[in-house]
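Analysis of the macromolecular model
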Amino acid sequence: MEISRKPKSPVSQSTRAGDAAKPAAAAKPAEKAPVQTTKDGFDAGSSGGARSNFVDRPKGNLVDRPTGLPPGTPSTLPASAFTFGSNHVAVRPFAGSAARTPTTLSASATPNAKVDDLQTVTSTVSFDKDVKLDSLKLNLDLAHTFKGDLVVKLTSPSGKTETIHNRTGGSADDIKGSFDLSAFKGESTKGTWTLSVEDKARRDTGTLKSWSLDAAGQATGAGPIQEPNKPLSGPPVIAVFDGGVDFKHTDLDDSMWVNPNEIAGDGIDNDGNGVKDDIYGYNVGYNSGDVMRGSGTDHGTHVAGIIAAEDNGEGNTGVAAGKAKIMSLGGLYNGADLLTNFERGVDYMVKMKMEHGVNIRAVNASFGNEYRNPADVKRWTEAVQKLADADILLVAATANGYGSNLNDVPDMPANIELPNVITVAAMDKNNDKLADFSSYGDKVVDLAAVGEDVYSTVPSSRDGKPQWEEMSGTSMATPTVAGTAALMFAANPNLSAAQVRELLIQTVELDPDLKGKVITGGKLDIDAAVAAAKATLEDDTFATR
């Protein structure tokens, strides 16, 4: 099976204008357990690590997206102490290494079709190759004696339409020249493109002589994904890459992934993966199986609860409750800078999937920062490419920049252009507009989901009582998308990371407030996305991975 940037889907994107808004946040029970509203949670006394400056709550319960320790921070432990790190684990890339290959395509038509009064003429061209567009140029030769009569539109294979000319120019003759169509950036070239010319008045006629498209972008993969050394089985595993997840919490204890080949507490690396006692995951900051050591455990535990908190009548119920397991990758904000720790965690995930058969399908990344050093951007991209090669979806949060536009900003890892990355902005609690704290970017952010006043798990109190808390931020919107992806992988395990990404994008609910702010102009529609995943079971395109 080839990886497709824009796979076919039986579910079409629509406005669903008559539907009620579907807030993506997990529902709250009628009787809530005690809610914390002031305790930070990134506390040296409770976390076992020094508090850093990566978290801030400037407004109520807003949790700023963690940025980790700054680049160049000396590692607490020497690099030689780590089994996992940059270049320690290799994955054979897609056959042909086409995932990031610059590609140019051209297609042309010479219809010489008459444009009559009050009539519409259409002409088509097609591309066989699947390229994610960076730029698209239309070259048009349309003869007409009164171009103010004409409306010219171009429609992509996905159904997106852009108006090229709309009855401007008055009595001037002809529409000729080249038109840059940035609105199609990110679209797939593959399929049929349709040019339509409508004459909206009487008396003047013309001829659509010829037209062509010049496309430039990135090939989206030309070969099969590397198969794991051991068969994958069991429910989809979602890695929460963050502060550690409280695996003893009564709303999460049955939702945790448990390493079946490791014996807890014996101090031995039973499964031979390089980490002792990694029962619930890996601590990247301290190179251990103690996922709860270090900062950010309230953030990581809250994220995990949004994804998969149990449906047990208490607290909140996660989006993928009972359908997915959580692997904790803790210590992200301790021991070394964010990028170094990210590389370590990626290598752990890849090794566990490819060599130990753990069914890791996605990783939630509710963190990030701006990296202007090209060498750093290259390292981020190579690490995320390694996830792509292992068929792992990266669900990433955009920043809480209070309306900042992150187009053309090297925001890592959210703005990495690879087919396994989906980037999320936050909607307000009513799911009817972009949250005021959220950043956006119609070139880099794919969709939005509810991220305000989201109720979820936080670490249990010192006496073991479970606790929950409301938090706001893009960090809370992102796991809602990750949880939806988990439901989709559960519905059809044959789907690849790139295919799930595209189905999530194709099934958004369009929202006027998101037009020009996110690529799709839409917000997460959980029901439609899961229905699309189920429908692919009947589609041969998705039969195998």
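Everything numeric here is computed off the predicted structure, so don't read it as measured data. (Residues numbered from 1 in each chain as written. Predicted model: local features only at pLDDT ≥ 70, side-chain atom pairs only at ≥ 80, totals over all residues. Heavy atoms only, no water.)

Moving on: the packing of aromatic side chains. In this structure the tally under the stated criterion is eight aromatic pairs. Aromatic side chains Phe184 and Trp193 sit 5.3 Å apart centroid to centroid with 70° between the ring planes, which places their arrangement in the edge-to-face category. The residues Phe184 and Trp193 share a single accessibility class, namely buried. Where Phe241 meets Phe342, the ring centres are 5.7 Å apart and the plane angle is 15°; that geometry is what we call stacked. Of this pair, Phe241 sits in strand β11 (residues 237-241) while Phe342 sits in helix α3 (residues 338-354); the two residues are 101 residues apart in sequence, bridging distant segments of the chain. Put simply, the rings of Phe241, Phe342, Phe367, Tyr371 and Trp380 touch in pairs and so form one group of aromatic residues. We note Arg293 situated over the ring of Tyr286; from NZ or CZ to the ring centre the distance is 3.8 Å. (Phe/Tyr/Trp six-rings, centres within 6.5 Å; stacked < 30°, edge-to-face > 60°. Buried < 20%, exposed > 50% of the residue type's maximum accessible area, 1.4 Å probe, protein only. Helix = DSSP H or I, 4+ residues; strand = E, 2+ residues; numbered from the N terminus. Lys NZ or Arg CZ within 6 Å of the ring centre and 35° of its normal.)

Along its 17 residues, α3 runs 24 Å from first to last C-alpha, staying within 8% of the 24 Å computed at 1.5 Å per residue. Taken across its 17 residues, α3 has 17 buried, putting it largely inside the fold. (Expected span 1.5 Å × (residues − 1).)

Bringing the pairing of strand β4 (residues 120-127) into the picture now. Burial along β4 is one-sided: the face carrying Val121, Ser123, Val125 and Phe127 is buried and the face carrying Thr120, Thr122, Thr124 and Ser126 is not. In this sheet, strand β9 (residues 191-199) lies alongside β4 in antiparallel orientation, the contact comprising eight bridges. Bridging across to β9, Thr124 finds its partner in Thr194. (Pairing = 2+ DSSP bridges.)

Inspection of the secondary structure puts Trp211 in strand β10 (residues 206-219). Within the local environment of Trp211, its side chain forms a polar contact with the side chain of Ser123, the two groups lying 2.9 Å apart. (Polar contact = N/O pair within 3.5 Å; in protein donor to acceptor, adjacent residues only side chain to side chain.)

On to the confidence of the model for the protein, then. With 82% of its residues at a pLDDT of 70 or more, the protein shows a mean pLDDT of 84. pLDDT under 50 marks residues 1-59. Its contacts with residues more than four places away, or in other chains, come to 163 contacts. This stretch, residues 90-100, has a pLDDT under 50; its non-local contacts, to residues over four places away or in other chains, come to 32 contacts. (pLDDT = per-residue confidence, 0-100. Contact = heavy atoms within 4.5 Å.)

Turning our eyes to something else, we now look at the packing of helix α5 (residues 474-491) against helix α7 (residues 526-535). Axis angle and axis distance: for two packed helices, these are the angle between their axes and the distance between the axes, and together they describe the pair. Orientation of α5 relative to α7, taken along the N-to-C sense of each, is 25°, at an axis distance of 8 Å. Classified by the angle between their axes, α5 and α7 sit roughly parallel to one another. In this structure, α5 crosses over α7, and the sense of that crossing is right-handed. Contacts between α5 and α7 involve Thr480, Thr484, Leu487, Met488 and Ala491 on the former and, on the latter, Ile526, Ala529, Val530, Ala533 and Lys534. (Axes fitted to C-alpha atoms, helices over the stretch in contact; angles between N-to-C directions. Parallel < 35°, antiparallel > 145°, perpendicular 65-115°, else oblique. Left-handed = near helix turned anticlockwise from the far one by under 90°.)

Quick look at the nonpolar core now. In this structure, Ile238, Ile307, Ile326, Leu393, Met488, Val500 and Leu504 are the most contacted members of the largest nonpolar core, which totals 62 residues. Here this core takes nine residues from α5, the largest share from any one element. Discounting residues that sit within four places of it in the chain, Met488 has contacts with Leu495, Val500, Leu503, Leu504, Ala529, Val530 and Ala533. Judged by nonpolar contacts, the second largest core, of 39 residues, contains Ala239, Tyr282, Ala390 and Ala414. (Core = buried A, V, L, I, M, F, W, Y, C linked by side-chain atoms within 4.5 Å.)

So, on to the pattern of salt bridges. Using the criterion set out here, one finds 17 salt bridges in the structure. With a closest N to O distance of 2.5 Å, Lys378 and Glu382 form a salt bridge. Remark: Glu382 and Lys378 occur in helix α4 (residues 374-389); sequence separation between them is four residues, near one turn of the helix. Asp446 is the partner of Arg501 in a salt bridge, and the nearest nitrogen-oxygen pair spans 2.9 Å. With Arg501 in helix α6 (residues 497-506) and Asp446 in the loop between β18 (421-427) and β19 (447-450), this residue pair connects regions lying 55 residues apart in the sequence. The two residues Arg501 and Asp446 agree in class, both being buried. (Salt bridge = Lys/Arg side-chain N within 4 Å of Asp/Glu carboxyl O.)

Time to look at the sheet that holds strand β6 (residues 150-155). Pairing in this open sheet of four strands is antiparallel, and the strands run β4-β9-β6-β7 from one edge to the other. Only two strands of the sheet have a single neighbouring strand rather than two, namely β4 and β7 (161-166). Between one strand and the next, the sheet's axes are offset by a mean angle of 15°, whatever the strand orientation. The pairing of β6 with β7 spans five bridges and is antiparallel. By the bridge assignment for β7, Val151 is matched with Asn166.

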